[in-house]
Amino acid sequence: MTAKRKTPVNQPISTRSDWSRELIDQYYKIIEEVAADFGLDTYPNQLEIISAEQMLDAYASVGMPLGYNHWSFGKHFIKNEQSYRRGHMGLAYEIVINSSPCIAYLMEENSMTMQALVIAHACFGHNSFFKGNYLFKTWTDAEAIIDYLLFAKNYIAQCEQLYGIDEVESVLDSCHALMNYGVDRYKRPYPISMREEKERQKNREEFLQSQVNELWNTIPNKITTEEQNKERFPSEPQENILYFVEKNAPIMPSWQREIVRIVRKIGQYFYPQRQTQVMNEGWATFWHYTILNELYDRGYTTDGFMMEFLQSHTNVVAQPDFDSPYFNGINPYALGFNMMVDIRRICENPTKEDKLWFPELAGTNWQESLSFAMKNFKDESFIAQYLSPKLIRDFKLFSLRDDERETELHITAIHNDSGYKEIRQNLSEQYNLSMSEPNIEVYEVDVTGDRSLTLHHTPTNNIHLADTTGEVVKHLHKLWGFPVKLISTNSEGQQVELARCPVEESEEKARG
Amino acid sequence: MQVIDRRLNQKNKSTVNRQRFIRRYRSQIKKAIADRISQRGVTDIGKSENISIPSKDIGEPTFRHGDGGKKQRIYPGNKEFVAGDKIKRPPPQGGSGGRRASDSGEGDDDFSFQISSDEYMELLFEDLELPNLKKNKLKKLVNYKTIRSGYNTEGTPSNIDIIRSIKGSMARRIAIQMPLKKRLKKLQTELSELDIINYPSKKQELLTAITALEKRIKRIPYLDTFDLRYKNFTKLPQPTTNAVMFCLMDVSGSMDQKTKEMAKRFFILLFMFLKRSYKEVEVVYIRHHTQAKEVDEQEFFYSQETGGTIVSSALVLMQEIIQDRFNPLDWNIYAAQASDGDNWNDDSNTCHKLLDNSILPKVRYYTYVEITDREPQNLWHQYQHLSDSHQNFAMQKITEQNDIYPVFREFFRKQSMMTQLPSRTKG
């Protein structure tokens, strides 16, 4: 190793594995320097040193420093605590929060090497991703999230005092069931500063109810029934079910509307993270790897430090084969890291194949190209754009078709010339959230009749809905206050009712 | 960059959420506890407990994709496949057979976690209460505890609350000085604006007034008796917190180890339950065959005896011990008797008399468990009369280990619905 090393001009920062506040400061300074040399643009950093118990706490609240109280967080906490205590699960070395300042947790159990790794990974990798990626820029307001969470926590606690824990809990249950249906997938959200939320909230209460009242105004007006029948409400199907409920539920108390809004907003905040897992982790892993190697080259770290770092890094980016007992899907760290490394390789040392596949990339400045990729893509498009034949070969990827109408599984593509494109496309689709989540929209509300709400499910590849569907419809019914039904189109193009709540009514009708 | 050490911050951020979880699934958890209590080792009762509740009960439903349809997935690590290969569908992932297996597998997949011994006790003894607490309470108010209760304007100097007194003094001084100071200020401005040359007498007048005012302000005392506040103490009557529990057990030849084990479980439950209400619980173990003897725990549960049974011998001994060491005015006395129901026929009558006349009037609660699967015998019938006439006497039959907890709950079910009849004893 020493042979390869450039002549070190600096003294190693530390030689032992214990960490101290001073050492963290020193490492941070050097890493910051190196990161700046690589042109990483970040929010300010805040490092918080926490214990294992606090890490478990942070897990339960998805890393959020403060959240409202709900039993489901307790469940996750208990689950994590159990598996941690039994040794089934190691704790993540770090959690990082997309806020400004960007908060990164360092666990006290970590060695100095691990702390340095976390600083490079979280404070510069994830942080620059949060600041640069278009989805985060569009969907989240890093400056205001902590304030908003505080507002949400207090508001919900206040509701609990006013209306009782059970009442609030049941509203939250229902909202959580629909949390993934509280985002506009295509429409850009209006980036309001959440700091104003509290002032707005009061006005909103009154305003919203007046809007709703208008919709449900029962005083007969001049429009003939015929005209009314023609007009469907909503005029276009709505994908954001929670938003629709918040704005249009006929008899929902205003505090419940506010809770729907809170869950929706928090869902929206996490939406970019769900869409950029491979990229985000890949980017952060790539940078901790690059930065720490640079540190070594500059003489700041020892061989022992690098051995420990590399061992941990190798574990993180390991990809077990599909037939391995450890296989648990494609490891986003492995895929993301290798794709980032591969982009750098294509820029610096393109092969003939690369020049053919990535003419616009080969031979360019790798830092600029990588930064461009980080800023302007999400997992789905990132894979479609940058997955190279070399990586497909390295990972030995193959595509498998599982069609219930066929008795056997089909291998449709492997890592060869005829398979690269198909594999790339299939993998990209695998990361498309709208493919992995059922497509369900608000289709119609019976405004003049029984106020019932109709949802439409458009099946993807004939995949059925899981058996929890009925429960979710019940939850929606609780929020909406009037009958809710879910209609799907089957493979023959016929409309079938999948679920309805309340159920009794349909039976009564059938009898009547 | 900022480094914040949060390690000393509050650790249990999730405590509330955890409690919410337990609160929500209380009934399931209680059921799990009731199911497990009979399986616990005797020494484990009272430790933390592993709880399992079915996963499906605690699921959070969402719209999800289920089985079926067409799925195209990418996998890593190809070894021998080429495009166009067909593989048999592996059973666990698809097919009807595999589905069934995974379905039932899911049912078994319980959500298990640990609750602390405090939470365990809380759930174990929920809705239970010590009966007949109210009746003697007033009589038993023998101890007093001195507690703080606000402030007083009178008291001994040692009880002066300095901060309160100084606060009062400041308030009083500000209140009294304020109008005077205002007037003083007014006069001073008047003096400074005065045309001194033209009105010398006026100046003198003003000066006199100012000095007078200043003197008055100075005369306001710094601390007045009026300001003094004394910490106030009152005596709060405290109910006695001493309890004694008598464990009476038949150890004659007919009681085998298994029966004794069941009795022990019952005694331990009772002990833990009493522990929750009383600071100190003393335990007196009395075992008997034809003779009764006070013994220690080890001997009580594990030494084997043979011979006949005279229950009254234990009652006599208990009565003596109460007389010697546990004055009913100072002690809350509880007794639990376990037996397989065997007794000399003539003796049951004696037992009845002893309990009726001298023991039951002195104890808070007397429980009798008969651990047997035979028909009740003479002792049971005699005792039945007692349970009719005494509120603080209860009896139940246990045939197997699973009965212990339900029977225990039966004994201590909250009796708020029952009318508190005065007991018909002569005590």
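These remarks concern the structure in this document. Nothing here was measured: the structure is a model prediction, and the numbers come from that model. All residue numbers refer to positions counted from 1 along the written sequence of the respective chain. By the order in which they are written, chains take letters starting at A while ligands take numbers starting at 1. The predicted origin of the model limits local features to residues at a pLDDT of at least 70 and limits the giving and counting of side-chain atom pairs to 80 or more, whereas totals for whole chains, interfaces and linings rest on all residues. With hydrogens and water stripped out, all remaining heavy atoms of the structure feed into the side-chain values.

1. With respect to the overall build of chain A
And then number 1: Counting from the N terminus, the helices are DSSP H or I runs at least four residues long and the strands are E runs at least two residues long. Across its full length, chain A holds 22 helices and nine strands.
And then number 2: Within chain A, buried positions represent 54% of all 512 residues.
And then number 3: Roughly 23400 Å² of accessible area belongs to chain A as shown, and the carbon and sulfur atoms make up 49% of that amount. Exposure is judged per residue with a 1.4 Å probe applied to protein chains only, and the accessible area is read against the type maximum: over 50% gives exposed, under 20% gives buried, and values in between give partly exposed. Methods summary: accessible areas were calculated by the Shrake-Rupley approach with a probe of 1.4 Å, and residue burial reflects only the protein chains presented.

2. Observations concerning the sheet that holds strand S4 (residues 398-403) of chain A
And then number 1: Think of it this way: DSSP has to see at least two bridges between two strands before they count as a pair. Pairing is antiparallel in the open sheet, where four strands are placed in the order S3(B)-S4(A)-S5(A)-S4(B). On the outer flanks of this sheet lie strand S3 (70-75) and strand S4 (86-88) of chain B, each paired with one strand and no other. Mean inter-strand twist for the sheet, computed between neighbouring axes without regard to direction, equals 30°.
And then number 2: The sheet contact formed by S4 of chain A and strand S5 (residues 408-413) of chain A spans three bridges and is antiparallel. Following the sheet pairing, Arg 401 of chain A is matched in S5 of chain A by His 410 of chain A.
And then number 3: Pairs of residues are marked as contacts when any of their non-hydrogen atoms sit within 4.5 Å. Inter-axis angles, ranging from 0 to 180 degrees, are taken between N-to-C directions of lines fitted to C-alpha atoms, where helices are fitted over the stretch in contact. Across the sheet, helix H19 (residues 420-430) of chain A lies against S4 and S5 of chain A together with S3 of chain B, angled at about 110° from S3 of chain B, the strand it touches most.

3. Regarding a positive patch on the surface
Residue and element names in this part refer to chain B.
And then number 1: Together, Arg 183, Lys 215, Arg 216 and Arg 219 make up a region of like positive charge exposed at the surface.
And then number 2: Here the positive patch takes three residues from helix H7 (residues 200-219), the largest share from any one element.
And then number 3: Considering the arrangement of structural elements, one finds Lys 215 in helix H7. Put simply, a patch holds well-exposed residues, over 30% relative accessible area, that have no salt bridge, with like charges counted together within 9 Å and Val, Leu, Ile, Met, Phe, Trp or Tyr side chains within 5 Å. Throughout this description, the term salt bridge denotes a Lys or Arg side-chain nitrogen within 4 Å of a carboxyl oxygen of Asp or Glu. When charges are counted, neither His nor the chain ends are considered; positive counts come from Lys and Arg and negative counts from Asp and Glu. Note that the charge is assigned to NZ on lysines, CZ on arginines, CG on aspartates and CD on glutamates.

4. Remarks on the pattern of salt bridges
And then number 1: In total, this model carries 34 salt bridges over all chains according to the counting rule given.
And then number 2: The salt bridge partner of Lys 131 of chain A is Asp 41 of chain A, with a shortest N-O separation of 3.3 Å. On the criterion of sequence distance, the pair formed by Lys 131 of chain A in helix H4 (residues 112-132) and Asp 41 of chain A in the loop between helix H1 (21-37) and strand S1 (45-50) is long-range, its members being 90 residues apart.
And then number 3: Residue Lys 131 of chain A is classed as partly exposed on the basis of its relative accessible area of 27%.
And then number 4: Look at Asp 41 of chain A and you get partly exposed, because its relative accessible area is 48%.
And then number 5: Across the pair Asp 227 of chain B and Arg 172 of chain B runs a salt bridge, and its minimum N-O distance is 2.6 Å. With Asp 227 of chain B in the loop between H7 and strand S7 (230-238) and Arg 172 of chain B in helix H6 (residues 162-193), the pair connects residues that are 55 residues apart, well separated along the chain.
And then number 6: Connected through salt bridges with shared partners, the residues Glu 246, Lys 247, Arg 261 and Arg 264 of chain A form a single ionic network.

5. Observations regarding the nonpolar core
And then number 1: By nonpolar core we mean a set of buried residues, namely Ala, Val, Leu, Ile, Met, Phe, Trp, Tyr and Cys, connected to one another through side-chain atoms within 4.5 Å. Counting 79 residues, the largest nonpolar core has Ile 291 and Leu 335 of chain A as its most contacted members.
And then number 2: Counting residues per element, this core draws most heavily on H4 of chain A, which supplies 12 residues.
And then number 3: Contact partners of Ile 291 of chain A, with chain neighbours within four places excluded, come to Ile 31, Val 34, Ala 35, Leu 40, Ala 120 and Phe 124 of chain A.
And then number 4: If you look at the next biggest cluster of nonpolar residues, it comprises 61 residues, including Trp 71 of chain A together with Met 245, Ile 268 and Ile 371 of chain B.

6. Some points on the interface of chain B and chain A
Interfaces are often described in size by the accessible area the parts lose on coming together.
And then number 1: Across the boundary between the two partners, chain B contributes 57 residues, which contact 95 residues of chain A.
And then number 2: For any pair of parts, buried area is found by adding up, for both, the accessible area (1.4 Å probe) each one loses once the two are put together. Together chain B and chain A conceal approximately 7000 Å² of surface at their shared face, both sides included; 56% is due to carbon and sulfur atoms.
And then number 3: For the pair chain B and chain A, the number of links is 10 salt bridges.
And then number 4: Measuring nitrogen to oxygen at the nearest pair gives 2.6 Å for the salt bridge that ties Asp 173 of chain A to Arg 24 of chain B.
And then number 5: Here a polar contact is taken to be a pair of N or O atoms separated by no more than 3.5 Å, where protein atoms must pair a possible hydrogen donor with a possible acceptor and residues adjacent in sequence count only if both atoms sit in side chains. For the pair chain B and chain A, the interface holds 42 residue pairs in polar contact (both at pLDDT 80 or more).
And then number 6: If you list the elements that add at least two residues to the side of chain B that touches chain A, you get strand S1 (2-5), helix H1 (15-24), S3, S4 and strand S5 (110-115) of chain B.
And then number 7: If you tally residues by element for the side of chain B that touches chain A, the top one is H1 of chain B, at seven residues.
And then number 8: Class assignment of the residues belonging to the side of chain B that touches chain A gives a composition of 19 nonpolar, 18 polar and 20 charged. As a working rule, the residues Ala, Val, Leu, Ile, Met, Phe, Trp, Tyr, Cys and Pro are called nonpolar, Asp, Glu, Lys and Arg charged, and the rest polar, with Gly in that last group.

7. Comments concerning the packing of H6 of chain B against H7 of chain B
All names here are of chain B.
And then number 1: Between H6 and H7, whose axes approach to 10 Å, the crossing angle comes to 155°. Relative to H7, the element H6 lies roughly antiparallel. In terms of crossing hand, the pair formed by H6 and H7 is left-handed. Counted together, Gln 177, Leu 180, Lys 181, Arg 183, Leu 184, Leu 187, Gln 188, Glu 190 and Leu 191 of H6 and Lys 202, Lys 203, Leu 206, Leu 207, Ala 209, Ile 210, Leu 213, Glu 214, Arg 216 and Ile 217 of H7 form the full contact between these two elements.
And then number 2: Of the residues in the contact of H6 with H7, the class split is 10 nonpolar, two polar and seven charged. Should an angle fall under 35 degrees it is called roughly parallel, over 145 degrees roughly antiparallel, and 65 to 115 degrees roughly perpendicular, with every other angle called oblique. Working rule for handedness: look at the near helix, and if it is turned counterclockwise from the far one by less than a right angle, call the crossing left-handed; if clockwise, right-handed.

8. Focus: the environment of Arg 405 of chain A
Residue and element names in this part refer to chain A.
And then number 1: Following the sequence through the fold, Arg 405 ends up in the loop between S4 and S5.
And then number 2: Its relative accessible area of 64% is what places Arg 405 among the exposed residues.
And then number 3: In sequence terms Arg 405 and Tyr 28 are 377 residues apart; their C-alpha atoms lie 57 Å from each other.

9. Observations regarding the pairing of strand S7 (residues 453-458) of chain A
And then number 1: In terms of burial, S7 of chain A is largely enclosed, as five of its six residues are buried.
And then number 2: The β-α-β motif built from S7 of chain A, the intervening helix H21 (residues 469-480) of chain A and the parallel element strand S8 (residues 484-489) of chain A has right-handed crossover chirality. Consider the strands pointing away from the viewer: the crossover is right-handed when the path from the first strand over the helix to the second runs clockwise.

10. Observations regarding the packing of aromatic side chains
And then number 1: Put simply, two rings from Phe, Tyr or Trp (the six-membered ring, in Trp's case) pair if the centres are within 6.5 Å, and we call them stacked under 30 degrees between planes, edge-to-face over 60, tilted for the rest. The final tally for this structure, using the stated rule, is 52 aromatic pairs over all chains.
And then number 2: Residues Phe 327 of chain A and Tyr 75 of chain B carry aromatic rings whose centres are separated by 5.9 Å and whose planes lie at 50° to one another, so their mutual orientation is tilted. Of this pair, Phe 327 of chain A sits in the loop between helix H13 (303-316) and helix H14 (332-348) while Tyr 75 of chain B is found in strand S3, placing the two residues in two different chains.
And then number 3: Exposure remark for Tyr 75 of chain B: the relative accessible area of 22% places this residue in the partly exposed category.
And then number 4: Residues Phe 408 of chain B and Phe 412 of chain B carry aromatic rings whose centres are separated by 5.0 Å and whose planes lie at 45° to one another, so their mutual orientation is tilted. Within this pair, Phe 408 of chain B and its partner Phe 412 of chain B are both found in helix H13 (residues 404-412), separated by four residues, close to a single helical turn.

11. A few points about helix H4 (residues 117-124) of chain B
And then number 1: Turning to H4 of chain B, its buried residues are Glu 119, Tyr 120, Met 121, Leu 123 and Leu 124 of chain B.
And then number 2: For H4 of chain B, the elements touching its buried residues are H1, helix H2 (26-37), strand S2 (49-54), S5, helix H8 (257-277) and H13 of chain B.

12. A short note on the environment of Asp 110 of chain B
Residue and element names in this part refer to chain B.
And then number 1: The residue Asp 110 is located in strand S5 in this model.
And then number 2: Sequence-wise, Asp 110 and Arg 26 are 84 residues apart; in three dimensions their C-alpha atoms are separated by 16 Å.
And then number 3: Discounting chain neighbours no more than four positions away, the residues touching Asp 110 are Ser 52, Ile 53, Pro 54 and Ser 55.

13. Notes on the sheet that holds S8 of chain A
All names here are of chain A.
And then number 1: If you trace the four strands from one edge of the open sheet to the other, you get S6-S7-S8-S9, paired in mixed fashion. In the strand order of this sheet, the two ends are held by strand S6 (439-445) and strand S9 (495-501), each with one partner. When the angles between neighbouring strand axes are averaged without regard to direction, this sheet yields 25°.
And then number 2: By the bridge criterion, six bridges tie S6 to S7 in an arrangement that is antiparallel. Paired with Glu 441 across the bridge in S7 is His 456.
And then number 3: Packing against the sheet, helix H10 (residues 241-248) makes contact with S6 and S7, and its axis sits at approximately 25° to S6.

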